[in-house]
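Now for the letters of each chain:
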Amino acid sequence: MNFLDRSRTVAPPGWSRWLVPPAALAVHLSIGQAYAWSVFKPPLESALDLSGTASALPFQLGIVMLGLSAAFGGTLVERNGPRWAMFVSLICFSSGFLVAALGASTGQYWLVVLGYGFIGGIGLGIGYISPVSTLIKWFPDRPGMATGIAIMGFGGGALIASPWSTGMLESFGTDRSGIATAFLVHGVVYAAFMALGVFLVRVPPEGWLPDGWEPKQETRRLVTNAQVSARNALRTPQFWCLWVVLCMNVTAGIGILEKAVPMIQDFFANTAAPVSVSAAAGFVALLSLANMGGRLLWSSTSDLIGRKNMYRIYLGVGALMYVVIAQLGDDSKPLFICCALVILSFYGGGFATAPAYLKDLFGTYQVGAIHGRLLTAWSTAGVLGPLIVNRVADAGERAGHSGPDLYGTSLTIMIGLLIVGFVANECIRPVHARFHEAPEGSPRVHQQS
């Protein structure tokens, strides 16, 4: 298709770089619906007689495919450009909902897993990385803020999707037909919204720099002025330390996120004020807001204090929040909610800060492809987090436990994982010069920002 031609995505003279974040947001707010999957868990478990572990499978597979498609598609995104990537994401993500709708309607759960998890997961991965490299090139002066704006949309997708999905299930019903209709509406509406990003996105001309800004020699210890290829990045210990950091941070956050609705209900089920379904959906929306806000707030903060210091906060303070939930979470709803919100803000901030951390370590040469490979950590965490929380909870139910007792062991595991991530972050050092690419000269073209 002509409109996908890479040459047609190069910005003309006078193009404002501030039009690119809305294009990224159109895609990320759509695919961020994945974070509202917990709204569908109870209806699916009831309608199709599933366990909590089984109902998590589409979400888990979707996150696995996100990481795998980002890893294997990262080079294609760099080669074909963001418009191509956004279009592929649109097709996969929307058609995944349509296949899932067919599965729900016919009672074939494997079609829900195939559609939402496998096909839709490919759309998640390609869509997630589609604007990252482009944003860093448009905003070399503020890379943390720029990627935070876009990736904020992925975290905030559930803020829209959670109440919207809950409302549709209340209107259409929570039986197979109602779930199928809700999936169908999601697929059609998200396709239209993502199309806005496809037609709006542009890349800067070769050598473009913001008006009045010149690249400076960085003095912070971890920031490089060299360039490292995606192939060489995989050979560095820095990449794998950051992989562990991201995996541990995501595992700790995604376990709560995927189990959010039943988890808060279980914690306060035996109290004088149990949590209703609508209130639990509101909790999911609050988690989404924290996830979204943390992506912009903490990634922008990392531009000031550095990425390594920012991850020290994510992992160290995050572990303390889990300790508070494990020891005091069932004593107070506000305390439980506040700790969960902090954890989810760090979870989202970790995603948004990762591209800028990669840029600091490896340069901008193939940062999109490197970022795609790093997201395999998300694939791993997408399995580990829900698996730990759901398996522990299911085993607790079989043993006759209830309430907060269903989550004690999993919370302890999360604390340990965050400590592992903290140690891995401390091991990150500057990339050795033997991994650097030979410097390339290129003309500098200034344009108004």
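Along every chain, residues carry numbers that run from 1 in the direction the sequence is written. Where totals are concerned, whole chains, interfaces and linings use all residues; where local detail is concerned, this predicted model gives features only for residues with pLDDT of at least 70, and gives and counts side-chain atom pairs only at 80 or more. Based on all heavy atoms of the structure, the side-chain values leave hydrogens and waters out of the count.

If you check an unreviewed UniProt entry, the protein chain appears there as MFS transporter from Streptomyces sp. gb1(2016). Entered under Subcellular location (unreviewed entry) in the UniProt record, the comment concerning the protein chain runs "Cell membrane". UniProt positions are given in the numbering used here, feature names are shortened, and annotations may be inferred rather than shown by experiment.

Caption draft 1: Structural view of the environment of Ser 55. Looking at where Ser 55 falls in the secondary structure, it is placed in helix H3 (residues 52-55). Classification of Ser 55 as buried rests on a relative accessible area of 0%. Note: C-alpha distance between Ser 55 and Asn 390 (335 residues apart in sequence) is 9.8 Å. Contact between two residues is taken to exist if any of their heavy atoms lie within 4.5 Å; hydrogens are not considered. Filtering out sequence-adjacent residues up to four positions away, Ser 55 remains in contact with Trp 37, Lys 41, Glu 45, Leu 50 and Tyr 109. By the criterion applied in these results, polar contacts are pairs of N or O atoms within 3.5 Å in which, for protein atoms, one can donate a hydrogen and the other can accept it, and in which residues neighboring in sequence qualify only through two side-chain atoms. Polar side-chain contacts of Ser 55 include one of 2.7 Å to the side chain of Glu 45. Numbering of helices and strands runs from the N terminus; a helix is a DSSP stretch of H or I covering at least four residues, while a strand is a stretch of E covering at least two. Exposure is judged per residue with a 1.4 Å probe applied to protein chains only, and the accessible area is read against the type maximum: over 50% gives exposed, under 20% gives buried, and values in between give partly exposed.

Caption draft 2: Here's a closer look at the domain arrangement of the protein chain. On domain assignment, one finds that the protein chain holds domain 1 (17-200) and domain 2 (230-434). Facing the 42 residues of domain 1 at the interface are 44 residues of domain 2. Salt bridge criterion: a side-chain nitrogen from Lys or Arg within 4 Å of a carboxyl oxygen from Asp or Glu. Viewed at the interface, domain 2 and domain 1 are joined by 0 salt bridges. Joining domain 1 to domain 2, the criterion identifies 14 residue pairs in polar contact (both at pLDDT 80 or more). Secondary structure elements with two or more residues in the side of domain 1 that touches domain 2: H3, helix H4 (57-80), helix H6 (109-129), helix H7 (132-138) and helix H8 (143-172). Where each domain begins and ends is defined by an automated method or by a domain database.

Caption draft 3: Looking closely at the side chain of Ser 130. If you trace the backbone, Ser 130 turns up in the loop between H6 and H7. Note on Ser 130: relative accessible area 2%, which makes it buried. Of the polar contacts made by the side chain of Ser 130, one reaches the backbone oxygen of Gly 127; its length is 2.7 Å. Discounting chain neighbours no more than four positions away, the residues touching Ser 130 are Val 27, Val 77, Pro 82, Ala 85 and Met 86.

Caption draft 4: Spotlight on the packing of helix H13 (residues 277-305) against helix H14 (residues 307-328). Running from N to C, H13 and H14 cross one another at 130°; their axes reach a closest spacing of 7 Å. If you check the angle between H13 and H14, you find them oblique. Contact residues: H13 offers Trp 298, Ser 299, Thr 301, Ser 302, Asp 303 and Ile 305, while H14 offers Arg 307, Asn 309, Met 310, Ile 313 and Tyr 314. All residues other than Ala, Val, Leu, Ile, Met, Phe, Trp, Tyr, Cys, Pro, Asp, Glu, Lys and Arg, Gly among them, are scored as polar; the first ten of these are nonpolar and the last four charged. Here the residues of the contact of H13 with H14 are counted per class, giving 5 nonpolar, 4 polar and 2 charged. Here the axes come from fitting lines to C-alpha atoms, over the contacting stretch only for helices, and the angles between their N-to-C directions go from 0 to 180 degrees. An angle below 35 degrees is treated as roughly parallel, one above 145 as roughly antiparallel, one from 65 to 115 as roughly perpendicular, and anything else as oblique.

Caption draft 5: Highlighting H13. Expected span of a helix: the number of residues minus one, times 1.5 Å. For H13, built from 29 residues, the straight-helix expectation of 42 Å at 1.5 Å per residue is met to within 8% by its first-to-last C-alpha distance of 40 Å. Axes are fitted to the seven residues ending at a residue and to the seven starting at it; the angle between these axes is taken as the bend at that residue. At Gly 294, H13 shows its largest kink, close to 30°. For H13, the capping residue at the N-terminal end is Ser 276, with a side-chain oxygen 3.1 Å from the backbone nitrogen of Ala 279. Of the residues one or two after H13, Gly 306 is the one with positive phi, at around 95°.

Caption draft 6: Examining helix H2 (residues 41-48) more closely. By the burial criterion, the buried members of H2 are Lys 41, Pro 43, Leu 44 and Leu 48. Along the long axis of H2, the arc covered by the buried residues comes to 165°, so they all point the same way. Trailing H2 by a residue or two, Asp 49 shows a phi angle of about 55°, which is positive. An arc is given here, and it is the one of the directions from the helix axis to the C-beta atoms.

Caption draft 7: Broad picture of the nonpolar core. Grouped together as the largest cluster of nonpolar side chains are 122 residues, with contacts concentrated most on Tyr 128, Phe 183, Tyr 322, Tyr 347, Phe 351, Phe 362 and Trp 378. In terms of residue count, the dominant contributor to this core is helix H15 (residues 333-362) (14 residues). The residue makeup of this core includes at least three contributed by each of domain 1 (17-200) and domain 2 (230-434). Dropping the residues within four chain positions of it, Trp 378 is found in contact with Tyr 35, Ile 63, Leu 66, Tyr 128, Phe 154, Val 250, Ile 254, Tyr 347 and Phe 351. The definition of a nonpolar core used throughout is a set of buried Ala, Val, Leu, Ile, Met, Phe, Trp, Tyr and Cys residues joined through side-chain atoms within 4.5 Å. Core analysis: the next-biggest nonpolar cluster, separate from the first, contains 15 residues, Val 20, Leu 25, Ile 149 and Met 292 among them.

Caption draft 8: Focus on the side chain of Thr 9. Mapped onto the elements of the fold, Thr 9 is located in the segment before helix H1 (20-31). On the accessibility criterion, Thr 9 (3% relative accessible area) is buried. Those residues in contact with Thr 9, other than ones at most four positions away along the chain, are Arg 83, Val 201, Arg 202 and Val 203.

Caption draft 9: Up close: the pattern of salt bridges. Overall, the coordinates contain 6 salt bridges when judged by the stated rule. Residue Glu 45 pairs with Lys 41 through a salt bridge whose shortest N-O separation is 3.7 Å. Pair noted here: Glu 45 and Lys 41 are both in helix H2, with a separation of 4 residues, about one helical turn. For Lys 41, a relative accessible area of 1% translates into the label buried. Salt-bridge contacts for Asp 141 lead to Arg 142; the nearest nitrogen and oxygen are separated by 3.7 Å. Take Asp 141: its relative accessible area is 26%, and that puts it in the partly exposed class. Here the salt bridges share partners, and the residues they tie into one network are Arg 17, Asp 141 and Arg 142.

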